[in-house]
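The primary structure of each chain is shown beneath.
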Amino acid sequence: MKSYDVIINHKGNIDLAVIDSILLRLKNYIQDKQLDIVTRKRLYTLAVECLDNIYKHADNLEFHQDMFVEFPPRFIIEKIGEDYMIHTGNVIFEKNKEKITNKINKINSHDQNEINKLYKRALMHAEISDKGGAGLGLIVMARSTGQKIKYDFEKINDKFFYFAMQLTLKK
Amino acid sequence: MKHINIAATEKSPRVTFDPKKYLFEMEGNSRPENVRDFFYPLIDNLKEYFDSIIYKANHKEDESIFNFNFKLEYFNSASAKFISDILVIVKNCHDNGIKIKINWYFEDGDEDMKEVGEDFSEMIAFPFNFIMVKR
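A brief structural summary.

Parameters and conventions
- Residues numbered from 1 in each chain as written.
- Chains lettered and ligands numbered in written order.
- Predicted model: local features only at pLDDT ≥ 70, side-chain atom pairs only at ≥ 80, totals over all residues.
- Heavy atoms only, no water.
- Patch = residues over 30% accessible without salt bridge, like charges linked within 9 Å, V, L, I, M, F, W, Y side chains within 5 Å.
- Areas by Shrake-Rupley, 256 points an atom, 1.4 Å probe, with all protein chains shown as cover.
- Salt bridge = Lys/Arg side-chain N within 4 Å of Asp/Glu carboxyl O.
- Lys, Arg positive; Asp, Glu negative; His and termini not counted.
- Charge placed at Lys NZ, Arg CZ, Asp CG, Glu CD.
- Helix = DSSP H or I, 4+ residues; strand = E, 2+ residues; numbered from the N terminus.
- Buried < 20%, exposed > 50% of the residue type's maximum accessible area, 1.4 Å probe, protein only.
- Pairing = 2+ DSSP bridges.
- Axes fitted to C-alpha atoms, helices over the stretch in contact; angles between N-to-C directions.
- Core = buried A, V, L, I, M, F, W, Y, C linked by side-chain atoms within 4.5 Å.
- Contact = heavy atoms within 4.5 Å.

**Here's the deal with a positive patch on the surface**
All names here are of chain A. A cluster of basic residues, Lys 95, Lys 99, Lys 103, Lys 106, Lys 117, Arg 121, Lys 131 and Lys 159, forms a positive patch on the protein surface. Mapped onto the positive patch, the elements with two or more residues apiece are α4 (94-108) and α5 (112-125). When residues in the positive patch are grouped by element, the largest group, 4 residues, is from α4. Among the structural elements, Lys 95 can be located in helix α4. For Lys 95, a relative accessible area of 63% corresponds to the exposed category.

**So, the sheet that holds strand β3 (residues 23-30) of chain B**
Residues and elements named next belong to chain B. With respect to topology, 6 strands assemble into an open sheet ordered β1-β2-β3-β4-β5-β6, the strand pairing being mixed. Unpaired on one side and paired on the other, β1 (4-6) and β6 (129-133) mark the two borders of the sheet. The sheet shows a mean angle of 15° between the axes of neighbouring strands, direction not considered. Relative to β6, strand β5 (residues 99-107) runs parallel, the two sharing 5 bridges.

**Quick look at the nonpolar core**
Formed by 89 residues in total, the largest nonpolar core has its most connected members in B:Phe50, B:Phe70 and B:Phe120. Of the residues forming this core, the biggest block, 10 residues, is contributed by helix α1 (residues 35-58) of chain B. Those residues in contact with B:Phe50 that lie beyond four places of it in its chain are B:Phe17, B:Phe66, B:Phe68, B:Ile89, B:Cys93 and B:Ile98. Of all hydrophobic cores here, the second largest spans 5 residues; its members include A:Phe71, A:Val91, A:Phe160 and A:Tyr162.

Okay, here's the thing in structure tokens:
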């Protein structure tokens, strides 16, 4: 039977202070376990990009506190055997569902070589948004894991969906 | 002549720009809270300075080699965009007769950091000098 461990299990608000605290916990874990340099940097990269995405792209729920309680932002890292699984979740507007789906499907349709090309092209043409994102996060995730990005949408109501994503970092 | 000296923090790199020593250096981690506030002034300064010395370089009045050292441990995707913008400025210097050398440092075993450097090098079509360091 494969070993199983939960490294990070966060459900609740994700702001800059929470991101710092999660990354510090991850850094401590990485140091304790003395992971090899490639795994340690990839795991850290995935955590930063996922948390940044939730922080920058989670649609504003200020006026929807009930939904926030029922569908909180989520960030989980598990270790299953030698592999790491990252799960994220956040509420998005229904109107953004198609855009996210198309972006991930496009990335998932490429092999690793094409993803590298896509990354270079995106780097040249990226524009930094008001929220400070370059729109490169998903490509970096696909590049770092070498795996397809798994995702799902759960309908909350006509206006909102819960966007869940799963990444696997294989040894 | 503008000298830049930004101290490193947990989230942002040390940046040194010393035109007298023909040196630009970026070292550490880069995931600044406000990535635009961090990089825009830096990029503006570099552009302004190099635009001002292109004439001298074109007229062979100064043939010193400008060293650009990247000693990064980690940078997020938004920082990658700005690093690529800096490299485009650097390449533009070269295209205008300024002698440059780009040194890309990576830790022993950190193949991803080396690969990112190779990607940047390919992107601006200028060879980097790769330097492996042991920690």
